Amino acid sequence: MAPSYINNKNPKYLEIDGKFYSGILIIDYYREYSEIIFKNIINTNVNMNISIFYEKQDTYKTIKELTYFIGNVGVDLKSGNTNREDIDIAAYTYNDAKYIRKEMQVNNEEMYFLYTYIEIIGESEKEVERNINKIEGILQASGMMTRKANFREEQIYFSCLPLMINNKDIKEISRRNILGSGLISTYPFISSNICDENGIFIGTNIYNNSMILIDRFNKEKYKNANMCIFGTSGAGKSFYTKLLILRYRIYGLEQYIIDPEREYNNICKNLDGICIKFGPSSESYINILDIREDCIEEEKGFLTTKIGKLRGFFSLVFGELDEENVAILEEKLIETYKEKSITFDDESLYKIKENTKVFKESKDMPILEDLYKVFEKDKNTEFFKRKLYPFIFGSLKFLNNYTNIELKNKLIVGDIYELGEENLKYGMYIFTDLFWDKIKKDRNQNKAIYMDEIWRLIGVTSNKFVASFIYKIFKTIRKYGGSAVAITQDVSDLFSLDNGAYGKSILNNSSIKSFFSLEEENILVLEKYANISEKEKIEIKSLKRGESLMFIGDNHILARIDSSEDEKEVIK
């Protein structure tokens, strides 16, 4: 507002504090437009200010002047020489005047004068000149006539400041009339910019270089804080996820990551998080039969809630079960817990320790071997016993242990890489169950769970029990102050179970979706379940590494994920 240096000696531009300002006046338009007329320039990455003035005209006076004009021109058209070169122009203006008068008299339209000025800002004379020519080309291709503001640069500059100054020296050149209904086509705020007040920086809009800042925990703006991140290998989805983890770590957000590919160890170490390596060679154990104090949901009891979740885990172990076998399994689980003095009475989950009532510890809970012994007592459970054998005596016996880990860090990575391809689903489910209980602990604390390669839990290799559990997390996590993040490169597998019902539900229950570059096959699958246009299909296919088509609420934005060199060092 108070520059230290102004040079107005050049008629083509102003130089203010080392920057160059040059203006354009729009002096004419197409007679009719079917869309927003400034759309093509607003979505460019040129640094500019656009100033639009509307002046409402007196309706009575305007109709009177139009009537006088129509009468005079009508006489000229009837009696004049039809060979005159300007006869067609006269006929056009005559018809336009009649149309405007009719709209004002019959449809109560109002007349406005429209003035549009554009000011281009650059670091050098060449940059300004290049961008002036670029914008003029776009405007002229859109049916607008333009004129450079030579010798009027100061007037344009003041008219583009937020001072409501429409200088008389440029008004007469740029004035054009427009009806009230036509003002819609001049609406300038059509660029999909996201700049949430308390958001974290995501990147920049590819079209106009505007910053994208998202506060996904803003409950007033987004229906939930859930995210979907899809992209082929090498497209940049893992880098983007790590950036989110890093930036939310600074905010103090509780974050839990399920890592089947050992991609998050370095960032966990650099951010002083806890990495739990879970596998045959690990000494970190999690007992799937643990009942944790945080696990309670709604009005359900502790044991009821736990048995419901165990049905999902054991459906991975035993496969799809009919109703009879489900009933048998539940019966044996109840018996197993009963042997540890745990019943449907919630008080049975507490004990007296040092004269204080406390929740039972992991060593007070049964382990898989206890369930195996219950199966041994009944000949009708031979199938269950045989399937459970590897978990007790075989390659998966590390699952037959009491929990020995503590989760007292705001960044925890569950590394299940050692489990191997066939057994990853067990590790993913166990960590999901563990982290879900942590998320429910404090509804006033924001937190997030990241599920990498989520297709393993809701795809065709999984089952309805497990998929329903994951869907439930995405549907209800909002009320616990949480955010669920689905990450995958296998989009087709994500929608492979039950005709894509679970994948679609997770997609629909995510307010923020990031689509990195995908193969044609995955784009066709995505088209079936997401609202993407033909143009967006082409964009997804042609995205470069680190670029993403983002659906943020109702906005669709092409984004470039940006990071600093320091951030790259942390997450490499």
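Residues numbered from 1 in each chain as written. Predicted model: local features only at pLDDT ≥ 70, side-chain atom pairs only at ≥ 80, totals over all residues. Heavy atoms only, no water.

(A) The arrangement of the overall build of the protein in detail. The helix and strand tally for the protein stands at 20 helices and 20 strands. Taken over the C-alpha trace, the protein has a radius of gyration of 33 Å; the compact-globule value for 572 residues is 25 Å, which it surpasses by more than 25%. The long-range fraction of contacts in the protein, counting pairs at least 24 apart against all pairs at least 6 apart in sequence, stands at 73%. Accessible area of the protein: about 28500 Å², with a carbon and sulfur share of 47%. A distance of 1 Å separates the average location of the 79 positive side-chain charges in the protein from that of its 88 negative side-chain charges. (Helix = DSSP H or I, 4+ residues; strand = E, 2+ residues; numbered from the N terminus. Rg over C-alpha atoms; globule rule 2.2 N^0.38 Å. Contact = heavy atoms within 4.5 Å. Areas by Shrake-Rupley, 256 points an atom, 1.4 Å probe, with all protein chains shown as cover. Lys, Arg positive; Asp, Glu negative; His and termini not counted. Charge placed at Lys NZ, Arg CZ, Asp CG, Glu CD.)

(B) Spotlight on the sheet that holds strand β8 (residues 200-205). With mixed pairing, 11 strands are arranged side by side in an open sheet as β9-β8-β20-β19-β18-β10-β17-β16-β11-β15-β12. Either end of the sheet is taken by a strand with one partner, and the two such strands are β9 (211-214) and β12 (274-277). Between one strand and the next, the sheet's axes are offset by a mean angle of 25°, whatever the strand orientation. Of the pairings in the sheet, the one linking strand β18 (residues 512-515) to strand β19 (residues 547-552) comprises 4 bridges and is antiparallel in character. Bridging from a neighbouring strand, I512 pairs with I552 of β19. Across the sheet, helix α15 (residues 464-476) lies against β10 (227-230), β16 (447-452) and β17 (482-488), angled at about 130° from β17, the strand it touches most. Set on the sheet, helix α19 (residues 534-542) makes contact with β18, β19 and β20 (555-561); between it and β19 the angle comes to about 140°. (Pairing = 2+ DSSP bridges. Axes fitted to C-alpha atoms, helices over the stretch in contact; angles between N-to-C directions.)

(C) Region of the structure containing a nonpolar patch on the surface. Together, F158, L163 and I165 line one region of the surface with nonpolar side chains, adding up to about 220 Å² of accessible area. Here I165 shows up in the loop between α5 (153-159) and α6 (168-174). (Patch = residues over 30% accessible without salt bridge, like charges linked within 9 Å, V, L, I, M, F, W, Y side chains within 5 Å. Salt bridge = Lys/Arg side-chain N within 4 Å of Asp/Glu carboxyl O.)

(D) Here's a closer look at the nonpolar core. Counting residues in each nonpolar core, the largest one holds 92 residues, and the members touching the most others are I291, F314, L388, F391 and L526. For this core, the leading source of residues is helix α13 (residues 420-439), giving 10 residues. (Core = buried A, V, L, I, M, F, W, Y, C linked by side-chain atoms within 4.5 Å. Buried < 20%, exposed > 50% of the residue type's maximum accessible area, 1.4 Å probe, protein only.)

(E) Inspection of the packing of aromatic side chains at higher detail. Enumeration according to the criterion identifies 31 aromatic pairs in this entry. Relative to F314, the ring of F313 has its centre 5.3 Å away and its plane inclined at 70°; by these criteria the two rings are edge-to-face. Side by side, F313 and F314 carry an identical accessibility label, which is buried. For the ring pair F515 and F551, a centre distance of 5.2 Å and an interplane angle of 80° mean the geometry is edge-to-face. On the criterion of sequence distance, the pair formed by F515 in strand β18 and F551 in strand β19 is long-range, its members being 36 residues apart. The same class applies to F515 and to F551, which are both buried. (Phe/Tyr/Trp six-rings, centres within 6.5 Å; stacked < 30°, edge-to-face > 60°.)

(F) View of the pattern of salt bridges. All told, the structure shown has 32 salt bridges when counted by the stated rule. Here K537 ties to E527 by a salt bridge, and the two come within 3.2 Å at their closest N and O atoms. Within this pair, whereas K537 is found in helix α19, its partner E527 is found in helix α18 (residues 520-529), the two being separated by 10 residues in sequence. Overall, the relative accessible area of 14% leaves K537 in the buried class. Among the ionic contacts, a cluster of salt bridges with common partners joins R292, K306, K309, D433, D437 and K440.

(G) Representation of α18 within the structure. Taken as a whole, α18 has its buried residues at N522, I523, V525, L526 and Y529. Around the axis of α18, the buried residues are gathered within 160° of arc, so they sit on the same side. Away from its buried face by more than 90 degrees, α18 exposes E521 and K528. (Arc of directions from axis to C-beta.)

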